[in-house]
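A look at the structure
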Amino acid sequence: MAKGNINVAVENIFPLIKKFLYSDHEIFLRELISNATDATTKLKHLISIGEAKTELGDAKIEISIDKDAKTLTIKDQGLGMTMDEVEKYINQIAFSGAEEFLEKYKDDKNDTGVIGHFGLGFYSAFMVAEKVEIFTKSFKDEPAAHWSCDGSPEYTLVEHDKKDRGTEIVLHIAEDSTEFLEESKIRGLLTKYNRFNQVPIKFGTKKVNDPTHEPKTTKDKDGKEVTEPHRQIEVDDIINNTNPAWTKAPADLNDEDYKNFYRELYPMQFEESLFHIHLNVDYPFNLTGILFFPKLSQNLDMQKDKIQLYQNQVFVTDNVEGIVPDFLQMLKGVIDSPDIPLNVSRSYLQADGAVKKISGYITKKVADKLTSLFKKDRADFEKKWNDIKVIIEYGMLSEDKFFDKAKKFALYPTVADTYFTFDELIEKTKDTQVDKDGNHVILYAANKDAQHSYIQAAKDKGYEVLILDSPIISHLMQKLEGGDAKVKFTRVDADHIDNLIKKDDNVISKLSDEEKEKLKPIIESAVPKETYTVQLEAMDSNASPFMITVPEFMRRMKEMQATGGGGMMGMGNFPDM
Ligand code: ADP
Ligand code: MG
């Protein structure tokens, strides 16, 4: 029997593994399945280039629990290891990997974004096991090996009579980790991390109807038709889909396929998505994925359905902060990239060049998709606008490149339910809505009901009034005003609407001059003069005898001061009298 000492710099690495990765013990399973997957795909490759003279068969990975023996076993039919390879890969390399990992993160335990990402590998088994055994037979014509280690730096390595190719990792689950002997727990983990794994994963068996057997229908003695029950057969319970939609070429998928994939990804989500964006790039980085624009819904569960990050079809995290630009984090779907460094801190991610490029690429793809939807079917785009506007407006505010593209398709609805792009709006109103200083004045209301009489008055004059009610629109207006065009957004109850050039001067007053003189000080005493302007019948055909208006800049100042911002202020909506 060969005995040895794992070459340790740290006296005993295993208690450290437990300590540092306490919060994420469950990732051991993903790590071991990743190794089993690697072993299978490596063998497949060796066969394809003629270096391994063997058949792959329907190579799968099998997970099994033995409650009595308190073991959890991960078995693959991959390339296996020889004695020498176990010595090299498990005792030396896997160990140094684990040690390096701990070295890096022992000062970083609070960065929970890191823990749980890849990096620890094989030795993560010791987070849940008091003893780990490896039985492995290489595809090469060499004796099988049996490695065993109880968590101390000592291990044993002996020959074994295992006949079938591949590797079996047996975890003797520790007292404090017996939850990992529960079928439901393991099934949950497999679903979370491995439901799109590249190699089929078997977890137990299930009964299904025998497809080769057609139940016979006969007539009983009373002449009633009776159908015999389906014949049941027991088959492997394969928990994963090895070919998820995002790994396929967009040309091979139709709308129905994307819908099905959305449902597959979020089984609890019954609302369909609005549209999808298939990501597919191999230079200068590798990335595939499908993003979905969700319907905004009241369903709070929707918030839980986040974009999922995968690495080679293995789930990593649904915290994509730093990888996907902030404004797109409300999207749903999957991105899969081997090029995103996972075992690094968030701040590093944000500075990483490759990650920045990925984020830029995603932004561009989203903008391009929106542009093409807008051009292809404007009516449909307008219908979707209410659901997508928050994301787009937020994007326009936060990313200049996105702003430049989105400016061409972002829509501004009027109170009359017409949708204009910014350019269309400018064109439409350029002759009518100009003030004395030559500013182009865009009128808007934030609330159709509360500002009803102001809207009516403006409409009567033939002005276009937008209805802009999203929480970020006021910030976006400032950005739009910042361009070359001398554009001024002005709320419909602002005081200088009357200064617009196209003013109808033939107002027949409902009040006599005398009445006006009496009324004015009364109203003015009721509202703070420094904030409001009282106009008696300035708005012509309006039924109201007077209007109270607010200078636009005043209102904005107030809004900025107000907590939460954005809302309507105090008496801006003075009622009709
Ligand atoms: P990594 O997977 O990043 O290389 P691990 O610690 O997970 O690091 O594994 C170390 C090495 O052990 C692997 O590179 C591989 O050579 C070997 N190994 C682990 N599991 C298996 C397996 N199931 N079949 C064959 N080789 C394996
Ligand atoms: Mg590994």
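Residues numbered from 1 in each chain as written. Chains lettered and ligands numbered in written order. Predicted model: local features only at pLDDT ≥ 70, side-chain atom pairs only at ≥ 80, totals over all residues.

Under an unreviewed UniProt entry, the chain has the name Molecular chaperone HtpG and belongs to Polaribacter batillariae. Looking at the chain in UniProt, the text filed under Sequence similarities (unreviewed entry) is "Belongs to the heat shock protein 90 family." (UniProt positions renumbered as here; feature names shortened; annotations may be inferred.)

Comments concerning the overall build of the chain
Helix and strand counts for the chain come out as 15 helices and 23 strands. Residue pairs in contact within the chain that sit at least 24 positions apart in sequence constitute 69% of those at least 6 positions apart. (Helix = DSSP H or I, 4+ residues; strand = E, 2+ residues; numbered from the N terminus. Contact = placed C-beta atoms within 7 Å.)

As for the packing of helix α9 (residues 378–398) against helix α13 (residues 473–481)
Where α9 contacts α13, the axes come no closer than 10 Å and their chain directions differ by 45 degrees. Relative to α13, α9 is oriented oblique. Between α9 and α13 lies a crossing whose hand is left-handed. Listed contacts from α13 to E393, M396 and L397 of α9 are I473, H475, L476 and K479. When grouped by side-chain class, the residues that make up the contact of α9 with α13 number four nonpolar, one polar and two charged. (Axes fitted to C-alpha atoms, helices over the stretch in contact; angles between N-to-C directions. Parallel < 35°, antiparallel > 145°, perpendicular 65-115°, else oblique. Left-handed = near helix turned anticlockwise from the far one by under 90°. Nonpolar A, V, L, I, M, F, W, Y, C, P; charged D, E, K, R; others polar.)

Thoughts on the environment of K405
Note that K405 resides in helix α10 (residues 400–406). Exposure remark for K405: the 19 C-beta atoms within 10 Å place this residue in the partly exposed category. Sequence separation of K405 and T490 is 85 residues, and the distance between their C-alpha atoms is 25 Å. With sequence-adjacent residues up to four places away left out, K405 is seen in contact with A367 and T371. (Buried ≥ 20, exposed ≤ 12 C-beta atoms within 10 Å, placed from the backbone.)

Some details on the sheet that holds strand β19 (residues 440–445)
Spatial ordering of the open sheet is given by β20-β19-β21, a layout of three strands whose pairing is parallel. Of all the strands in the sheet, the pair left with one neighbour each is β20 (465–467) and β21 (487–491). This sheet shows a mean twist of 40 degrees between the axes of neighbouring strands, independent of strand direction. Note: β19 against β21, five bridges, orientation parallel. Bridge assignment links H440 to a residue of β21, and that residue is V487. (Pairing = 2+ DSSP bridges.)

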